[in-house]
Amino acid sequence: MWQVKVQREQVEAVVGVILRIPSLVLAELWFRTSPEKLTDQPDDVTFIITVIYYLSLFFALALAALPLKNLVYLYIYTLSAGLVCFNWYMSHLFVNTELSQESESLMFLTDSSETQRVLLHLLTQCITAAFICYLLEITNWTRFVFLAFVLPVLAKIMGMPSDVISGVHNFSTIFTILLVAFTVFNNLSYTFETVRVLLRKLSEAVTEFGWIPVILASWNTLHVGIQLLIFWLYMFISHIYVFIKVGNSVIIQEGFSMIILAVVGECCATPISLLALSVTVSYFSYFILTFTKIFLQGWRGYMNDNDTFRGWTEGGTMLLIAFQTGLTDLKPIQRTFLMSILLFIVVSSLIESMYEVADPILLSLSAAHNRNIFKHFRAVLLFTFLWMFPLYMTYSICQYFTLDFWLLVIISSGILTTFQALGSLTVYSLFIYDSLRENSWEKLDDVIYYTRATVRVFEFLVALFVVCFGLKETLVGHWSLINSAILIVHCYFNVYKRLETGWKTFLLRREAVSRVESLPQATEEQLNSLSDVCPICFSTMTQAKVTSCNHFFHATCLRKWLYVKDTCPMCHKKIEVKKNDENQTGIVVENNYVHNLMERDDELSEESDMSESDTESDASTEILEEDNDQIFDNVEAERAALQTIENNAA
């Protein structure tokens, strides 16, 4: 059997999350209610309700921020106070029953049902008092003071009349209130000291690290995200139950999807629930993206994954758009329809994130010639979903809303994801086709470039269409500052930046092609004598280009390298564009000795010219003439050797 080891930190984390969730419930109720709605109540009652209203907010903050040890004590005292109230309520019911019966006091000795009632009240009061003492760890004589509400039952047993029993109950109530007030006053200094210490530590942490690191550390330490997730799921399930039981029949007739939208809209009516919804969307997105990686790479891919911020983009997008549109201030039916658009935006962003996760995995499967057919099948199946589902969502949302600038901006992201997924599938197919060939496909890089360029052109056309549609609505329809701002941002990032990036890519490719074409082609004799592989792709070279530094590469591989750097991959010498005016076959230099000969030829020629200019003024003219003859002989010999090598290469 497996032995599961649970660490103390994990238990404390679970207990802390469970104990802090009621703070979110209290905060949600605090936002949904207001004492200003109480118009028919007396002033004193309204004042008491207002005090309780704001004290509940303070209590919710204490539940959310206190350390676990202090939080447990707070729950113990709160539970004890609730049990004391329960004892008062049981005593109140007992006294009211006595006043309503108006029977003899000793009747319980002859009536079995009355005897059971009295003994049940007595036993309940004793057990509750004993449990309070256990919670508060009271072991001395003071534990008997919690039996104050036993006195009305004892008065009944002693045969006292009903009015006396009622007086005893009032005495027990006053005594208990004084006892609770004394306990609170006695521990008030401890409470203030605890709050002061917490505020001092918070101030020191903010001074040392700043607000943002402190907030992030508190978020992770208190597991606020998990609290919000559990709180929103609880609220979502409870609202579904209530909605189905007493919901709007018109919305129920629209189908299950409309019910979900209505419930989700109802579960984000306050800032707390809206924040909880955004966190839930983040966790849901993280689960989907993680499952995508596991679906493509297996469990090993998940174990090697260290991206802990995946999915928070979708949650942040949800929160930002909800605040900008004033989602919490809308009516329920308006919130339902706006929620459909918000969820469409979130799902579109999630589909795009799935594409970003899956695209490198798909290309690595084809480029690495992976033979696992199931991995290829899962990748192709996922990308089929990635290009079909955005089209289905676009079709569905256009059935309910009229096409305008905002809707076009929203659906354009899904259409772009469709084009990108189709482009990746096409590149994947090209790599698979190249892997099935016996020889490498020399034109593969060009075909892939044109495929990606086609996808970029489609993306540019979609962005340009959105801009043109927005300009049309701005000029013909109703002008608004927000629409104009969105149009300018969209025009800059999605049109101008795409055009600029595409043009830079084209220039880099053209320059790389020029550099490669300016290099001489290796001959068969050189490739046979070299008998080596391409240093970039490690494949056999049937054709190759030779750099000026005498290194051999595949033309396609060298072109890819030159997209990034303009130097040789081996020695990092800069590769210049050279124009060959002579025969295009050229002369391939066999080794660095030839270059040395050419450099030495130039040096000797310069020395010869210098020697001729200095002979008239030098006293040793004959010696210099002999040196010049020797230099000329060396130059002629080296030139003859160079000419011989060139003829052999030709």
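Quick notes on the rules
- Residues numbered from 1 in each chain as written.
- Predicted model: local features only at pLDDT ≥ 70, side-chain atom pairs only at ≥ 80, totals over all residues.
- Heavy atoms only, no water.
- UniProt positions renumbered as here; feature names shortened; annotations may be inferred.
- Helix = DSSP H or I, 4+ residues; strand = E, 2+ residues; numbered from the N terminus.
- Buried < 20%, exposed > 50% of the residue type's maximum accessible area, 1.4 Å probe, protein only.
- Contact = heavy atoms within 4.5 Å.
- Areas by Shrake-Rupley, 256 points an atom, 1.4 Å probe, with all protein chains shown as cover.
- Core = buried A, V, L, I, M, F, W, Y, C linked by side-chain atoms within 4.5 Å.
- Patch = residues over 30% accessible without salt bridge, like charges linked within 9 Å, V, L, I, M, F, W, Y side chains within 5 Å.
- Salt bridge = Lys/Arg side-chain N within 4 Å of Asp/Glu carboxyl O.
- Phe/Tyr/Trp six-rings, centres within 6.5 Å; stacked < 30°, edge-to-face > 60°.
- Axes fitted to C-alpha atoms, helices over the stretch in contact; angles between N-to-C directions.
- Parallel < 35°, antiparallel > 145°, perpendicular 65-115°, else oblique.
- Left-handed = near helix turned anticlockwise from the far one by under 90°.
- Expected span 1.5 Å × (residues − 1).
- Arc of directions from axis to C-beta.
- pLDDT = per-residue confidence, 0-100.
- Nonpolar A, V, L, I, M, F, W, Y, C, P; charged D, E, K, R; others polar.

If you look the protein up in an unreviewed UniProt entry, it shows as RING-type domain-containing protein from Mytilus galloprovincialis. Database annotation for the protein, UniProt heading Subcellular location (unreviewed entry): "Membrane".

Enquirer: So what's going on with the overall build of the protein? Which residues, and what values?
Expert: In terms of regular secondary structure, the protein is built from 23 helices and 2 strands. Here the protein holds 650 residues, and the buried ones make up 34% of them. Looking at the protein alone, contacts between residues at least 24 apart form 69% of all its contacts between residues at least 6 apart. Carbon together with sulfur atoms contributes 65% to the accessible area of the protein, which is approximately 41,000 Å² in total.

Enquirer: I'd like a description of the nonpolar core, backed by residues and values.
Expert: Membership of the largest hydrophobic core comes to 29 residues, with the highest contact counts inside it found for Trp232, Leu277, Met318, Leu327, Met339 and Leu342. Secondary structure elements with two or more residues in this core: helix 1 (8-32), helix 9 (224-246), helix 11 (256-266), helix 12 (271-297), helix 14 (312-324) and helix 15 (332-367). Residues contacting methionine 318, with those up to four places away along its chain left out, are Leu277, Ser278, Val281, Met339, Leu342 and Val346. Counting residues in each nonpolar core, the second largest holds 18 residues, with Ile288, Met354, Tyr355 and Leu382 among its members.

Enquirer: Tell me about a nonpolar patch on the surface, and please be specific about residues and values.
Expert: Taken together, the side chains of Val195, Leu199, Leu202, Trp211, Ile212, Ile215 and Leu216 present a nonpolar region at the surface, about 720 Å² in accessible area. At the level of secondary structure, the elements contributing two or more residues to the nonpolar patch comprise helix 7 (188-209) and helix 8 (211-222). In terms of residues, the nonpolar patch owes the most to one element, helix 8, which gives 4 residues.

Enquirer: Can you lay out unusual backbone geometry for me, pointing to particular residues and giving the numbers?
Expert: Even without a glycine there, the phi angle at histidine 223 is positive, about 55°. Take histidine 223: it is sitting in the loop between helix 8 and helix 9.

Enquirer: So what about the packing of aromatic side chains? Which residues, and what values?
Expert: Each pair of aromatic rings is reported with the distance of its centres and the angle of its planes. Under the definition given, this model contains 14 aromatic pairs. Judged by centre distance (6.3 Å) and plane angle (20°), the rings of phenylalanine 171 and phenylalanine 175 are stacked. You can see phenylalanine 171 and its partner phenylalanine 175 sitting in helix 6 (residues 162-186), 4 residues apart, about one turn around the helix. Using a relative accessible area of 32% as the deciding quantity, one classes phenylalanine 175 as partly exposed. Measuring from centroid to centroid gives 5.1 Å for phenylalanine 385 and phenylalanine 389, while their planes differ by 25°, and the two rings are stacked. With phenylalanine 385 and phenylalanine 389 both in helix 16 (residues 373-398) and 4 residues apart, this pair spans about one turn of that helix.

Enquirer: Just give me the short version of the packing of helix 1 against helix 3 (residues 68-101), but keep the residues and values in it.
Expert: Packing of helix 1 against helix 3 brings their axes to within 11 Å, and their N-to-C directions diverge by 50°. Considering their axes alone, helix 1 and helix 3 lie oblique with respect to each other. Viewed along their axes, helix 1 and helix 3 form a crossing whose handedness is left-handed. Facing Glu12, Val15, Gly16, Leu19, Arg20 and Pro22 of helix 1, the residues of helix 3 in contact are Leu68, Leu71, Val72 and Tyr75.

Enquirer: An account of helix 14 is requested, with residue identities and associated values reported.
Expert: Taking 1.5 Å of rise per residue, 13 residues should cover 18 Å, and helix 14 covers 18 Å from first to last C-alpha, within 8% of that figure. Of the positions making up helix 14, those classed as buried are Glu314, Gly315, Met318 and Ala322. For helix 14, the angular spread of the buried residues around the axis is 100°, confining them to a single face. Exposed residues on helix 14 whose side chains face more than 90 degrees from its buried face are Thr313, Leu320 and Gln324. Once helix 14 ends, the next one or two residues include glycine 326, with phi positive near 65°.

Enquirer: So what's going on with the side chain of threonine 176? Which residues, and what values?
Expert: Along the chain, threonine 176 turns up in helix 6. On the basis of relative accessible area, threonine 176 is assigned to the buried category, the value being 10%. For threonine 176, the residues in contact, after removing those within four places along its chain, are Val84, Ala148 and Phe149.

Enquirer: Go over the confidence of the model for the protein with me, naming the residues and quoting the values.
Expert: Should the pLDDT be low somewhere, the predicted coordinates at that spot are not to be read in detail. Taken over all residues, the pLDDT of the protein has a mean of 77, while the share at 70 or more is 78%. Here helix 22 (residues 592-614) stands out as the element of the protein with the lowest mean pLDDT, 44, in contrast to helix 12, whose mean of 90 is the highest. Throughout residues 603-628 the model reports pLDDT below 50, and contacts reaching past four residues in sequence, or to other chains, amount to 15 contacts. Here residues 644-650 is modelled with pLDDT under 50, and outside its nearest four sequence neighbours on either side it reaches 4 contacts, counting other chains as well.

Enquirer: Run through the packing of helix 1 against helix 2 (residues 43-65), naming residues and quoting values.
Expert: Running from amino to carboxyl end, helix 1 crosses helix 2 at an angle of 150°, the nearest separation of the two axes being 8 Å. When the axis of helix 1 is compared with that of helix 2, the two are roughly antiparallel. Between helix 1 and helix 2 lies a crossing whose hand is left-handed. Residues Arg20, Pro22, Ser23, Leu26, Ala27 and Trp30 of helix 1 form the contact with helix 2, whose own contacting residues are Tyr53, Tyr54, Ser56, Leu57, Phe59, Ala60, Leu63 and Ala64. Counted by class, the contact of helix 1 with helix 2 contains 11 nonpolar, 2 polar and 1 charged residues.

Enquirer: Would you mind going over the pattern of salt bridges in detail, with residue names and values included?
Expert: Tallied over the entire structure, the rule returns 8 salt bridges. Here arginine 196 and glutamate 193 are joined by a salt bridge, their closest N and O atoms 2.7 Å apart. You can see arginine 196 and its partner glutamate 193 sitting in helix 7, 3 residues apart, about one turn around the helix. Its relative accessible area of 46% is what places arginine 196 among the partly exposed residues. The residue glutamate 204 makes a salt bridge to arginine 200 at a minimum N-O spacing of 3.2 Å.

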